[in-house]
Amino acid sequence: MNIPVKILFSLLLITFLIVVGKKVLRMERATYPMMVIFYVLVGFAFYPLLNGKMEVLSPFLLLSLGVVGFLEGAALDLARLRARVDFRRPVIYFFPTLFFFFLVSWLLTRALLPALALGLALSLVSLYGVDEEKRAMVGLWEILGIPFLAIIFSLARGDFFTSLVYHLGLALIFGAIAYISLGIKATPGEVNALLLGLLLFSSGTSSFLLLSPIFVGFASGLLYANLPKLVGTERMIPRLIPMEKPIFIFLLLYLGFTSFPYLTWKALGLALLFFALKTLYGVVLGEKGFLSLSPLSVAMILSFSVHFPQHFPKQYLAAFSLVLLLLEAEEYLLGVREVRRKSYVRR
């Protein structure tokens, strides 16, 4: 199939999917599993249109990773959480889960870095479908998981301890800049421009140095949120929260069109195995909501695969996209629903 025909076919397929999503599936009110499935499939359809040239989307990807990390950190008010959350339960749940999926991934890949990346991504759980009393605990799994991303990046980059110092140093710098600059009296438009520019510059600098944009954003946001309240998070966080859903949709699309050419039988076999293990995990714990993967899982896998393609073969990226589809389809068929919110809402 020549390139013009590929592009035409891709445009027709995307148009068809959009019409189906709007008229049949009503995507504006779709539940979390259906949204994940739909946009990954749309991402598959985008591949012929982009003809494999993903570099044009790199700035959007880096901004997305930075926003994801910063929001996770800025939402973590340690003084407030200490009074509301028992930190022992997340630790008891998270570390055995991480070890289990890392061990399985290592037995399959026989390589440390892909196993760490896959194990970390598969160990996280979405807030969707989780009982109300467990949501704070599940949310803290992500907080525990993000530092492991800095460890994985540092191992892949080399000079492990130096890389960790760079991660922390860059986070301190940008956290301090955010704290100082976002307290300046300015119009809403100026604050928005300053915020987006700061996040993009932070992510771009991290990426250039082969550091984790998610971790740098997270640690910066954590510093910003926990410094003395001369500058409150209330001024900024409401401006970022509306960006969460479009950013997650973009990450799903990006996952779809980057993994599409590597959808092989081997990738399907890996996906089926991970799907079976994740399902068994949810059944053993008696938590249907634990079947769903966190949006942060998607961001982590994309971040590592883009920065270290030599350490993360594309077949594992394809396997991850397939297991994501399988898990969300399973959750949708099982009828897992949020009581009050059926659309994607993180906070």
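Since the model is a prediction, treat every value here as computed from it, not as a measurement.

(A) How the structure looks around the overall build of the protein. Along the protein, the regular secondary structure elements total 15 helices and zero strands. With 347 residues in all, the protein has 52% of them scored as buried. Contacts in the protein between residues at least 24 apart in sequence constitute 83% of all its contacts with a sequence separation of at least 6. About 15700 Å² of surface is accessible on the protein, with carbon and sulfur atoms providing 71% of the total.

(B) Main features of helix α13 (residues 265-285). Over its 21 residues, α13 runs 30 Å from end to end, which matches the ideal 30 Å to within 8%, given 1.5 Å per residue. Of all the positions in α13, only Ala 267, Leu 270, Ala 271, Phe 274, Leu 277, Lys 278, Thr 279, Tyr 281 and Gly 282 are classed as buried. Phi turns positive one or two residues past the end of α13, at Gly 286, with a value near 70°.

(C) Highlighting unusual backbone geometry. A positive phi angle is found at Arg 110, which is not glycine, with a value near 55°. Inspection of the secondary structure assignment puts Arg 110 in the loop between α5 (88-109) and α6 (112-123). Located in the positive-phi region is Asp 159, a residue other than glycine, with phi close to 50°. Relative to the assigned elements, Asp 159 resides in the loop between α7 (135-157) and α8 (160-181).

(D) A look at helix α10 (residues 213-226). The terminal C-alpha atoms of α10 lie 20 Å apart, and with 14 residues this matches the ideal 20 Å at 1.5 Å per residue to within 8%. Counting buried positions over the 14 residues of α10 gives 11, a clear majority of the element. Those residues of α10 lying buried are Pro 213, Ile 214, Phe 215, Val 216, Gly 217, Phe 218, Ala 219, Ser 220, Gly 221, Tyr 224 and Ala 225.

(E) Quick look at the nonpolar core. With 100 residues, the main nonpolar core has Leu 251, Val 298 and Phe 304 as its most contacted residues. For this core, the leading source of residues is α7, giving 11 residues. The contacts of Val 298, once residues within four sequence positions are left out, are Phe 248, Leu 251, Leu 252, Leu 255, Phe 320 and Leu 324.

(F) Representation of the packing of helix α3 (residues 58-74) against helix α14 (residues 295-307). At a closest axis distance of 11 Å, the pairing of α3 and α14 adopts a crossing angle of 135°. Put simply, α3 runs oblique to α14. When you trace α3 past α14, the crossing you get is left-handed. Mapping the contact onto sequence places Leu 61, Leu 62, Leu 65 and Val 68 in α3 and Leu 296, Ala 299, Ser 303, Val 306 and His 307 in α14. Within the contact of α3 with α14, the residues separate by chemical class into seven nonpolar, two polar and no charged.

(G) Inspection of the environment of Ala 156 at higher detail. With respect to the secondary-structure elements, Ala 156 resides in helix α7. Note on Ala 156: relative accessible area 13%, which makes it buried. The sequence separation of Ala 156 and Phe 304 amounts to 148 residues, and the corresponding C-alpha distance is 9.3 Å. Excluding anything up to four places from it in sequence, Ala 156 contacts Leu 113, Phe 304, Phe 308 and His 311.

Definitions and limits used
Residues numbered from 1 in each chain as written. Predicted model: local features only at pLDDT ≥ 70, side-chain atom pairs only at ≥ 80, totals over all residues. Heavy atoms only, no water. Helix = DSSP H or I, 4+ residues; strand = E, 2+ residues; numbered from the N terminus. Buried < 20%, exposed > 50% of the residue type's maximum accessible area, 1.4 Å probe, protein only. Contact = heavy atoms within 4.5 Å. Areas by Shrake-Rupley, 256 points an atom, 1.4 Å probe, with all protein chains shown as cover. Expected span 1.5 Å × (residues − 1). Core = buried A, V, L, I, M, F, W, Y, C linked by side-chain atoms within 4.5 Å. Axes fitted to C-alpha atoms, helices over the stretch in contact; angles between N-to-C directions. Parallel < 35°, antiparallel > 145°, perpendicular 65-115°, else oblique. Left-handed = near helix turned anticlockwise from the far one by under 90°. Nonpolar A, V, L, I, M, F, W, Y, C, P; charged D, E, K, R; others polar.

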